[in-house]
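# Summary of the model geometry
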Amino acid sequence: MTEDTKFHHGDATDVAPIVEMKDIEKHFGNIIALAGVSFDVKPGECHCLLGDNGAGKSTFIKTMSGVHKPTKGEIFFEGKPLHFDTPRDAMEAGIATVFQDLAMIPLMSVTRNFFMGREPTKGKGLLKRFDVEQANDVCMEEMRKMGINLRGPDQAVGTLSGGERQTVAIARAVYFGAKILILDEPTSALGVRQTSNVLATIDRVRSQGVGVVFISHNVRHALAVGDRFTVLNRGKTLGTAKRGEITPEELQDLMAGGQEMAELEGSLGGTV
Amino acid sequence: MSQSAQVAADERVKSEPFLTKLMKRPELGAMAGVVLVVIFFAITADESMFTLAGVMNFMTPAAQLGILAIGAALLMIGGEFDLSIGSMVAFSGLFFGVCVVTWQLPLIAAIPMTFVFAAMVGAINGNIVIRSGLPSFIVTLAFLFILRGLSLVGLKMATGGSTQLRGVRDATDNDWLAPFFSGEAFGSLFAWLAEKGAIDTFKSGAPKVPGIPVEILWFIVMALAATYVLLRTPAGNWIFASGGDKTAASNSGVPVNRVKVSLFMLTACCAALVAIITVMDAGSTDARRGFQKEFEAIIAAVIGGCLLTGGYGSAIGAFFGSIIFGMVVIGLTYTDFDQDWFQVFLGAMLLIAVLFNNAIRKRVTGER
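Description of the structure in this document. (Residues numbered from 1 in each chain as written. Chains lettered and ligands numbered in written order. Predicted model: local features only at pLDDT ≥ 70, side-chain atom pairs only at ≥ 80, totals over all residues.)

### Some remarks on the overall build of chain A
Cut-off, in case you're wondering: We count a stretch as a helix when DSSP gives it H or I for four or more residues in a row; a strand needs E for two or more, and each element gets its number in order from the N terminus. Exposure classification rests on a simple neighbour count of other C-beta atoms within 10 Å of a residue's own: a residue reaching 20 or more is buried, one at 12 or fewer is exposed, and one in between is partly exposed. C-beta atoms are placed from the backbone. Any pair of residues counts as being in contact when their C-beta atoms, constructed from backbone geometry, are within 7 Å of one another.
Secondary structure assignment for chain A yields 9 helices and 12 strands. By the burial criterion, 48% of the 272 residues in chain A qualify as buried. Restricting to contacts in chain A with at least 6 residues of sequence separation, those with at least 24 account for 70%.

Next up, the structure:
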């Protein structure tokens, strides 16, 4: 299961991490959402962050992408300590997040979505305008690289399938120079075929040297592309394992918090 | 479409007929509506409706509404409503009247001051909506009453008890800026055309139509400018994005709040422009100015293809929506129908437009 996937896997053990987060704590009032999480991402690897619902995955990636400020803990970006005040700061530093709700607008065309917030312009002063032709060409080209043939650049995103939308979002992030790509449950709402498309996209992005953070609660999807696996449970990291060092069953148990899951799984005949 | 796009054509996609492509334009409904209304009046109305004088006759109210409708359309595409535009017309009319009559300011000072004043009220509207997170429908409904009431109170204070402020014409008649905001443009061109016999004249030799009313020119310029902004500038993309999904837009780095507040300021300025034009035209301002214009403007925008949920629509659509509106209001007087059919027609038109837009949206987004 762990060794026979078709993907090339990054072997990034001795490379310095792009982002390193140490003992991150995040409190919301009297709720402790994160109680000491350490995590790092290296270029060209896919680091999976696994955890059950409520484990703190979303809070953690929001801290990473500048939405939340950590209550305690340090963030190093390319070796230097760094604080993000807004998501925009993180984006400009090269941390791109593909949110669960995708940050895509169904009524707008693929091109308009692709360049949303970062439109290429031509002309100066009052004549400064959205360079629609260039935007269309770039968008078609980038989408083709990702293996999606659009009907036309003016095709509305609403007409794309879930997997294709996911791919547009990833292509957009990579095009705009993301060094770290955070994917928040990219496969959770997808069918089998679309899931494999997205996993293939992750692989393609990783081979370009982008560090991918893949958040999931699906162990199979994670094992299919992941290089390293970190399990989050009740706001704490339960450790990081490299590919090949851990079995799907062990991961599953870690996510669920161990014992009870093993019993439950037994009673269900190992289907979970 | 680019060359490369055709190279990579997907064999599963049928080529799209021109008509289907046209069907996906938001302004299609309004254009079809204009054609239908023209056919209707060509059959039922007196033929003088489609003479030059008749066209100017229905284009003038269309233009006054259209300036508001274009602002309303941009705001609707940006995902918000402004129900206070009608009251804003009265309120900025009052402010303009006071500037000109009471304070005796020249237009070069009074007009910019009126726009700044309107923009401030718009900004207040917008900031309340953004900060409170309440639906703009409710917030601006409150301002519909607040501004209308303030206009009444203010007029009484300015005039010593009357709800009409007179003397605007005397104060502005000789101002060099006046021709840009009142009367007719291209007067000499029309006089020349009349001399050549190209257009109808009175017995005296003066042309029946002395020129193009300035509001029509403002209307056309604004429709073109708004369309350019929407389709060809980053700001246009931000407007669509803010209305389409504000979380997605701000996640992608669109300054959603700034876009929305600016749009509220813009609609308020559109109301101020209509106020300036109509007050100078009438020579006075009163508290009923712009009454119910907010609904008419929103209806024109909806007929023009704007979705009530935001993120979709066009300024050209609002342009045609307003023309439909003007044609029906004025056109009915050229027919034997009772003029009060107008309201029935308006309601029916709105209903049809909404149903139509809904169907179009499903096509565009591929909902099934």
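### What to know about the overall build of chain B
As a reminder of what qualifies: To get the radius of gyration, use the C-alpha atoms; to get the globule rule, take the number of residues to the power 0.38 and multiply by 2.2 Å.
From N to C terminus, chain B includes 17 helices and 4 strands. The C-alpha radius of gyration computed for chain B amounts to 22 Å, which stays within 12% of the reference 21 Å derived for 368 residues, consistent with globular compactness. Taking the principal axes of its C-alpha atoms as reference, chain B extends roughly 70 × 55 × 40 Å. Here chain B holds 368 residues, and 48% of them are scored as buried. Partitioning the intrachain contacts of chain B with sequence separation of at least 6 by distance along the chain shows that 78% fall at a separation of at least 24.

### A closer look at the environment of Gly-125 of chain A
In this structure, Gly-125 of chain A sits in the loop between strand E7 (121-122) and strand E8 (129-130). In the structure, Gly-125 of chain A is positioned 105 residues away from Glu-20 of chain A in sequence and 42 Å away in space, judged by C-alpha atoms.

### Description of the pairing of strand E10 (residues 211-216) of chain A
On any regular strand, side chains alternate: one points to one face of the sheet, the next to the other face. Residues and elements named next belong to chain A. Here is the rule: Here, any two strands with at least 2 DSSP bridges between them count as paired. Handedness rule for crossovers: strands pointing away from the viewer, path from the first strand over the helix to the second running clockwise, crossover right-handed.
Of all 6 residues making up E10, 6 are buried, and the element is well covered by its neighbours. Burial along E10 is two-sided: the residues Gly-211, Val-213 and Ile-215 and Val-212, Phe-214 and Ser-216 are all buried. In this structure, strand E3 (residues 46-51) lies alongside E10, joined through 5 bridges in parallel fashion. Each bridged residue has a counterpart across the sheet, and for Leu-50 the counterpart in E10 is Ser-216. The sheet contact formed by strand E9 (residues 180-184) and E10 spans 5 bridges and is parallel. Paired with Ile-180 across the strands is Gly-211, a residue of E10. Read from E9 through helix H6 (residues 192-207) to E10, the crossover connection turns out right-handed.

### Focus: the environment of Ile-360 of chain B
Within the secondary structure, Ile-360 of chain B sits in helix H17 (residues 341-365). Expressed as a C-alpha distance, the spacing of Ile-360 of chain B and Ala-118 of chain B, which sit 242 residues apart in the sequence, is 35 Å.

### Thoughts on the sheet that holds strand E1 (residues 19-28) of chain A
Residues and elements named next belong to chain A. Read from one edge of the open sheet, 4 strands run E2-E1-E4-E5, paired in antiparallel fashion. Whereas interior strands pair on both sides, the edge strands pair on one side only; in this sheet they are strand E2 (31-41) and strand E5 (80-81). Looking at chain direction, strand E4 (residues 72-77) and E5 are connected through 2 bridges and run antiparallel. The partner of Phe-77 across the bridge, within E5, is Lys-80.

### So, unusual backbone geometry
Located in the positive-phi region is Glu-185 of chain A, a residue other than glycine, with phi close to 45°. Tracing the backbone through its elements, the reader meets Glu-185 of chain A in the loop between E9 and H6. At Gln-104 of chain B, a position not held by glycine, the phi torsion is positive, near 60°.

### A look at helix H15 (residues 293-303) of chain B
When you tally the buried positions in H15 of chain B, you get 10 out of 11 residues, the bulk of the element. Of the residues flanking the end of H15 of chain B, it is Gly-305 of chain B, one or two places downstream, whose phi is positive at about 105°.

### Things to note about the nonpolar core
Nonpolar side chains tend toward joint burial in soluble globular proteins. Test applied: As used throughout, a nonpolar core is a set of buried Ala, Val, Leu, Ile, Met, Phe, Trp, Tyr and Cys residues joined through C-beta atoms within 7 Å of each other.
The biggest cluster of nonpolar side chains holds 186 residues, and the ones touching the most others in it are Leu-181 of chain A together with Ile-70, Ala-73, Ala-271 and Ala-301 of chain B. Examining the composition of this core, we find that 19 residues originate from one element, helix H14 (residues 256-282) of chain B, more than from any other. Those residues in contact with Ile-70 of chain B that lie beyond four places of it in its chain are Met-222, Ala-223, Ala-226, Cys-270, Ala-315, Ala-318 and Phe-319 of chain B.

### Focus: the sheet that holds strand E11 (residues 228-233) of chain A
Sheets are built from strands that pair by backbone hydrogen bonding, the pairs being arranged parallel or antiparallel. Residue and element names in this part refer to chain A. The cut-off we apply is this: Fitting a line to C-alpha atoms yields each axis, with helices limited to the stretch in contact; the angle taken between N-to-C directions then spans 0 to 180 degrees.
Strand order across the open sheet formed by 6 strands is E6-E9-E10-E3-E11-E12, with mixed pairing between neighbours. In this open sheet, the two edge strands, each paired with only one partner strand, are strand E6 (95-98) and strand E12 (236-242). Within this sheet the neighbouring strands show an average axis-to-axis angle of 20°, counted without direction. Against the sheet, helix H1 (residues 57-64) touches E3, E6, E9, E10 and E11, its axis set at about 155° to E9.

### Thoughts on the pairing of E12 of chain A
Residues and elements named next belong to chain A. As paired strands, E11 and E12 are joined by 5 bridges and run antiparallel to one another. For Asn-233, the partnering residue across the bridge sits in E12 and is Lys-236. Linking two consecutive strands that pair antiparallel, namely E11 and E12, is a turn of 2 residues; a positive phi of about 50° is found at Arg-234 within it.

### Brief notes about the packing of helix H5 (residues 85-102) of chain B against helix H6 (residues 107-132) of chain B
Residue and element names in this part refer to chain B. Formally: For a crossing to be left-handed, the near helix must be turned anticlockwise from the far one by less than a right angle; the clockwise case is right-handed.
Two numbers describe how H5 lies on H6: the axes approach to 9 Å, and their chain directions differ by 145°. Classified by chirality, the crossing of H6 by H5 is right-handed. Of H6, the residues touching H5 (which contributes Met-88, Ser-92, Phe-95, Phe-96, Cys-99 and Val-100) are Ala-110, Met-113, Thr-114, Phe-117, Ala-118 and Val-121.

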